[in-house]
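# Descriptive structure summary
What follows is the residue order along each chain.
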Amino acid sequence: MTLENIYLHIASIKNTLDNAIKIAAENYYVVHKDDSNFLFDVKETSRECYLLSRGADLCYDRPSIGFTYSLWYQGRRVNSFLKYLSQAIFEAKQEKSITIYDLGAGTGAIQWACAAVASAFHKYDVECPVIKIINIDTSPFMLDYNRLYLWPALVSLLPDLKNSILPSYFVNSWSSDVDDFNNSNNWITASYLFDHTENSENLKKDFKKLIEKIKPTKILLTSSFNKKGYTQDIAKELAQNNYTSQEVNNDLIYSGGMPATVAIRKWFNNNSGCNFSGTPSWNENYIYGVICSSTSPTFNLFALDTTNEVNLYNPPLVVRREIKLNQTQNKAAQNDNKPTIIVGPAGCGKSVVITQRVLNIVDEAIKTNTISKINILLTTFNKALKAYLLNWIKDLFDSRNITYTENYKYGLKTQGSEFINVFLMHFDVLPTRLWKPLFKEEQPFNDSLLFETGLLKRAQEAINSIKESENISTAEFDNVLNPEYVLEEYNRVIYGQNYTKMDVYLTSTRSGRPVLAYNGDRRRLLFKTVQKFLLIMENNNESSIITRRHKFLKEINKNKFKGYFTHVFVDEFQDCTQSDYEIFYGLLKDPNNLIIAGDFAQAVHLGRVASIPRVDDAKGERMRNRVTHKLDGSYRLPYRISEAIKPLSEAINEVQEGADIITPYKGAPPGARPILVYAENNQDLAKKIINITKAFNSFDVVDSIPPYKNLITILEKDIATTNALNNMKSGVCQTDTILRLKGLEKKLIVWSTNTEITHTEEIKNFVYTIFTRTSGLLIIGMFKDIKKEYKEIITSLRKDRVMLWDESSLQYYNDL
Ligand SMILES: Nc1ncnc2c1ncn2[C@@H]1O[C@H](COP(=O)(O)OP(=O)(O)OP(=O)(O)O)[C@@H](O)[C@H]1O
């Protein structure tokens, strides 16, 4: 059997391949034609495939993409690999087996081309190496279309293939799910890998790491001709490192029409309401291809320091100890006794770094027998996040065999220490928690704690009293003399910036707050009202979280808790005022051991009032040695979601200095674009959400059998939709507020625009924080009378990176 014989046989099965594409499409249609959204989805994927042919990037994240794509591209893509693989497999015909890692496998053109070659071996009765194909792609829809439809159709026509081609399919990473790297004759095929990415340099680095790990004997690279630069660069580098490289002759075995595929497209157009246009053929545009073959065993080829982490498309890790920190994260986790600021967008690993740094301090202290001197406070503004951090730290301690006991109120005491070494506390309870055990006799907060409604009532009383004493009978001052404004002014400015005296307040800046004239009536009235409010609270023996904090600060300023902690860690610093930092400094032995992490874009409590400790005044001395670590990218947010919401983070950044702009990161878990859904009412939204979870179940966001472990989380509280969902699938949905969920992540977040966001000034921060909670799907539910501010946010999202769920959603979106 010669190479020519192989070509001849492949030429003879052209119609078989064409027929298999047709059969696959027929079968897919039978299974999916009644899907709630089938026709619209096909219409959209057809449009996107057309745009791909014009050079646009395709997201491959709609359910019908495999179906539509294959009806145009399958033939030509397979054709482009036929000669290339004939040549490579023919050269390897002595081998018993070959394992091909097909990166960006899509609907399996490489697998099909291998099948055609193997079929030639059978025809000539020559033993063909068993070809194990590991299809790796970020799109479950593309992989599934091959696995469930294309491949079975081809095997039904060429049954001999069953034993010679052994495929497997992996949504995700080049490495993490593929632990079987010990095959002896590994090949890598990478088609179009570097064609559509703004991140080619990183990709190239990861690609080289993969090569070191897999040690392939052959690397087959293709790209479109006009994007061949990166492929050539890599081939050149490989050529200098034990690989010979050979450009592939690009003439194709097949040409002309694909009658079966054309016929089925016509049938769909006439009978199903699909609207396919154009005539598919075998003719592929000119492709650049190169085969690199190893000349000797590869070992530490590129002299990279690590061969273990291949960061492409890593799935999210659930066990904290399995997370391998990247270089920047690692640096930020070193305990260098300097005030440390860790910034970066949602999901870049700030909490990961904090927990690692806590571990490093404790680990070092245990080794140097100084654990009894370590007293760390880790505080944050959210109960669930506190629990999350605690579990991460416990998991890390376990991984280092650090023995500890847990005190449910305070934190962890490690073996060998007489007291608790790691205090984990919600910042709101810190004043009470620290005060009570230390100064039992005083019991400062033996009062009732008021929350929103109670506080608004007291603020109104204060306003009434001031209006009366000042003889104000008009609405002239109502823009500031209203309960919400008074409370915010107290929390954010009078407490937040610690303006205890009227004359200071009248003449000082009120950073991040609406402008009020210095020494003006409004300021004077506000200060008096706040004083009155505090007095009323005191007389009624009541307090708020902030008045408690305020009293705590006053005691701290008297050195009461001085030096209680060796280290203070703050996660989510965007919720801190300047006064909060005064508390942290007051608690610290050494100001150099303040470590704070956060993201101003998520400042849902304070908006533009949020700030980090000043360095430009007398107190700034404490931050003199500060180090800022800037982390990049989001490991949590699927790449497409980061791309979609980037304009929103840029808009926040424009008004809020220091807010981090989200950077799409290739190491993020796979996922779809944000899905925009129009609904007539809550019931309708619930129905559509269920349909979406069905269509996207390959992203593993919601369990398909009860009890539904993976919940849908609706933000902000939308009880009607939640009830409607739970009536359909009991227990599948929960609803919450972002104030309780910030810092955490969920697999499926729904932003229901039906519910009001009360913090109108921080509305963008709010919505951004909601969007960035997902590690899987993000659904945006839109209704008829949508608020103007929400409309503005939705239309600001990158247009080619949102997915309109159905016809009514598309129309609604176009009319926004
Ligand atoms: N180096 C890493 N490798 C793999 N996964 C990582 C890495 N760093 C972070 N992650 C994952 O990214 C997700 C987000 O991490 P983390 O919660 O620490 O981010 P964050 O910056 O604190 O987010 P937020 O600003 O929303 O609070 C987590 O699921 C974490 O496991």
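Quick caveat: nothing in here was measured; it's all calculated off a predicted structure.

Surrounding the ligand, one finds 21 residues, the nearest of these being Gln329, Lys350, Ser351, Arg636 and Glu745. One of the backbone nitrogen or oxygen atoms of cysteine 348 is found 3.2 Å away from an oxygen atom of the ligand. Here lysine 350 contributes a side-chain N or O atom positioned 2.7 Å from an oxygen atom of the ligand. Coverage of the ligand by the protein amounts to 96% of the 630 Å² it exposes when considered alone. The biggest single contributor to the shell around the ligand is helix H12 (residues 350-367), with three residues. Across the shell around the ligand, the residue classes tally to eight nonpolar, seven polar and six charged.

In this section: the nonpolar core. One finds Val422, Phe552, Leu587, Leu594, Trp751, Phe771 and Ile780 to be the most contacted residues of the largest nonpolar core, which totals 137 residues. Considering every element that reaches this core, the biggest residue donor is H12, with eight residues.

Chain-level pLDDT for the chain is 88 on average; 92% of the residues reach the 70-or-more range. Of all the helices and strands in the chain, helix H8 (residues 200-214) carries the lowest mean pLDDT, 75, while strand E18 (residues 675-678) carries the highest, 98. pLDDT under 50 marks residues 173-180. Its contacts with residues more than four places away, or in other chains, come to 33 contacts. Every residue in residues 298-317 is under pLDDT 50, and counting partners more than four places away or in other chains gives 61 contacts.

As a further point, take the environment of leucine 150. Locating leucine 150 in the fold gives a position in helix H6 (residues 140-157). Along the primary structure leucine 150 and tyrosine 28 are separated by 122 residues, whereas in three dimensions their C-alpha atoms are 9.3 Å apart. Sequence-distant contacts of leucine 150, defined by excluding residues within four places in its chain, comprise Ile21, Ala24, Ser70, Gln74, Thr107, Trp112 and Tyr145.

Turning next to the pattern of salt bridges. Inspection of the entire model under this criterion finds 46 salt bridges. A salt bridge links aspartate 363 to lysine 367; the nearest nitrogen and oxygen atoms lie 3.3 Å apart. With aspartate 363 and lysine 367 both in helix H12 and four residues apart, the pair spans about one turn of that helix.

With that settled, consider the state of the cysteines. Note on terminology: a disulfide is the covalent bond linking the sulfur atoms of two cysteines. Scanning the entire structure with this criterion turns up zero disulfides. Free of any disulfide, cysteine 59 has its nearest cysteine sulfur in cysteine 49, 12 Å distant. Overall, cysteine 59 belongs to the buried group, its relative accessible area being 10%. Of the cysteine sulfurs around cysteine 114, a residue in no disulfide, the closest is that of cysteine 128, at 8.6 Å. A relative accessible area of 0% means that cysteine 114 is categorised as buried.

About the thresholds
- Residues numbered from 1 in each chain as written.
- Predicted model: local features only at pLDDT ≥ 70, side-chain atom pairs only at ≥ 80, totals over all residues.
- Heavy atoms only, no water.
- Near = heavy atom within 4 Å.
- Polar contact = N/O pair within 3.5 Å; in protein donor to acceptor, adjacent residues only side chain to side chain.
- Areas by Shrake-Rupley, 256 points an atom, 1.4 Å probe, with all protein chains shown as cover.
- Helix = DSSP H or I, 4+ residues; strand = E, 2+ residues; numbered from the N terminus.
- Nonpolar A, V, L, I, M, F, W, Y, C, P; charged D, E, K, R; others polar.
- Core = buried A, V, L, I, M, F, W, Y, C linked by side-chain atoms within 4.5 Å.
- Buried < 20%, exposed > 50% of the residue type's maximum accessible area, 1.4 Å probe, protein only.
- pLDDT = per-residue confidence, 0-100.
- Contact = heavy atoms within 4.5 Å.
- Salt bridge = Lys/Arg side-chain N within 4 Å of Asp/Glu carboxyl O.
- Disulfide = S-S within 2.5 Å.

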